[in-house]
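Chains, contacts and geometry: an overview
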Amino acid sequence: MRVTKHEHACLRLERDGKTLIIDPGSYTLPLTDVRGLVGIVLTHEHPDHWTPDHLDRLRALEPHVPIYGTAGVAAAAAGYDITVVSAGDTVALDPFRLSFHGGRHNVIHESIPVIDNVGVLVDDEFYYPGDSYAVPKGADVRLLAAPVGAPWLKIGEAMDFVLAVKPRRAFAAHDMTLSRIGLQMGRARLRWATEQGGGEFLDLEPGTAVDL
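Since this is a predicted model, take the numbers as computed values, not measurements.

For the protein, the count of helices and strands is 4 helices and 14 strands. For 212 residues, the compact-globule estimate of 2.2 N^0.38 gives 17 Å, and the C-alpha radius of gyration of the protein, at 16 Å, lies within 12% of that figure. Seen through its C-alpha atoms, the protein measures out along the principal axes to roughly 45 × 45 × 35 Å. Taking all 212 residues of the protein together, 53% fall into the buried category. Residue pairs in contact within the protein that sit at least 24 positions apart in sequence constitute 56% of those at least 6 positions apart. Here the protein displays about 9300 Å² of accessible surface, and carbon together with sulfur accounts for 51% of that area. One way to put it: in the protein the 20 positive side-chain charges average out to a point 5 Å from where the 28 negative ones average out.

Printed below as a string of structure tokens:
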């Protein structure tokens, strides 16, 4: 499986000529050269994780592509056919196998309602938690996309999340709200946390990929 990091929270997974897209949102440039699209996963309803423009562009390539998201996503994207998923659900999406974890967005502030959020584990080897620190219990995560910058994120808690997952490899995601200096600082902290479990941290820029 090849995993490509795009801007912010967007990820492209490719296996056997098929493609899965995760969280194409408002901070992500239009996706090009998407081939063999078999599914789209939206971890939650916030616009930095999905936009109508991205969905319309992707559906133009594959009109009947299934879109998986929380009940909040289904309400926010009422004009689209969303297959609602929750923590504990699994989906067979040839050639991918998906399982969903967590269930709630991390708290931003007590004045802001907490919404649904699901982390997604793909083929029991790649994990992205969306906007949460949900740990996929029992999973041997070969590659982790770890959030590094957000209104809800404290870097010490992000480090604890990486320490809990113990991935073999990791890279920073959810990063477009950071300055270059802030991103490098956050990466350094996540690198330390990854290495504590014997893992390797990768400095992936948008458009770069890693193979599993």
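On to helix α3 (residues 155-165), then. For α3, every residue scored as buried is listed here: A158, M159, F161, V162 and V165. Angularly, the buried residues of α3 cover 155° about the axis, an arc narrow enough to put them on a single face. Packing partners of the buried residues in α3 comprise β10 (126-128), β11 (143-147) and α4 (180-196). Where α3 ends, the next residue or the one after it, K166, has phi of about 55°, a positive value.

Take helix α1 (residues 52-61) next. Along an α-helix, residues three or four apart share an orientation, since each turn contains 3.6 residues. Every buried residue of α1 is listed here: H54, L55 and L58. Along the axis of α1, the buried residues cluster in a sector spanning 95°; they form a single face. Of the exposed residues in α1, the ones pointing more than 90 degrees away from its buried face are D53 and A60. Buried residues belonging to α1 abut β3 (18-22), β4 (37-42) and β5 (67-69).

It is worth spelling out the side chain of N117 at this point. Looking at the secondary structure, you find N117 in strand β9 (residues 116-122). Excluding residues that lie within four positions of it along the chain, N117 makes contacts with T43, H44, T70, H101, G102, G103, R104, H105, P129, G130, D131 and S132.

This next bit is on the environment of S179. In this fold, S179 is placed in the loop between β12 (169-173) and α4. Spatially, the C-alpha atoms of S179 and G149 are 9.8 Å apart, while their sequence positions differ by 30 residues. A polar side-chain atom of S179 sits 3.0 Å from the main-chain amide nitrogen of G182.

To continue, consider the pairing of β12. Summarising burial for β12: 4 of the 5 residues are buried, a large majority. Where β11 meets β12, 5 bridges bridge the pair, whose relative direction is parallel. Within β12, the position partnered with P147 by the bridge is A173. Each parallel crossover has a hand, and the one from β11 via α3 to β12 is right-handed. Where β12 lies against strand β13 (residues 200-202), 3 bridges are found, and the strand directions are parallel.

Rules behind the numbers
Residues numbered from 1 in each chain as written. Predicted model: local features only at pLDDT ≥ 70, side-chain atom pairs only at ≥ 80, totals over all residues. Heavy atoms only, no water. Helix = DSSP H or I, 4+ residues; strand = E, 2+ residues; numbered from the N terminus. Rg over C-alpha atoms; globule rule 2.2 N^0.38 Å. Buried < 20%, exposed > 50% of the residue type's maximum accessible area, 1.4 Å probe, protein only. Contact = heavy atoms within 4.5 Å. Areas by Shrake-Rupley, 256 points an atom, 1.4 Å probe, with all protein chains shown as cover. Lys, Arg positive; Asp, Glu negative; His and termini not counted. Charge placed at Lys NZ, Arg CZ, Asp CG, Glu CD. Arc of directions from axis to C-beta. Polar contact = N/O pair within 3.5 Å; in protein donor to acceptor, adjacent residues only side chain to side chain. Pairing = 2+ DSSP bridges. Right-handed = clockwise from strand over helix to strand, strands pointing away.

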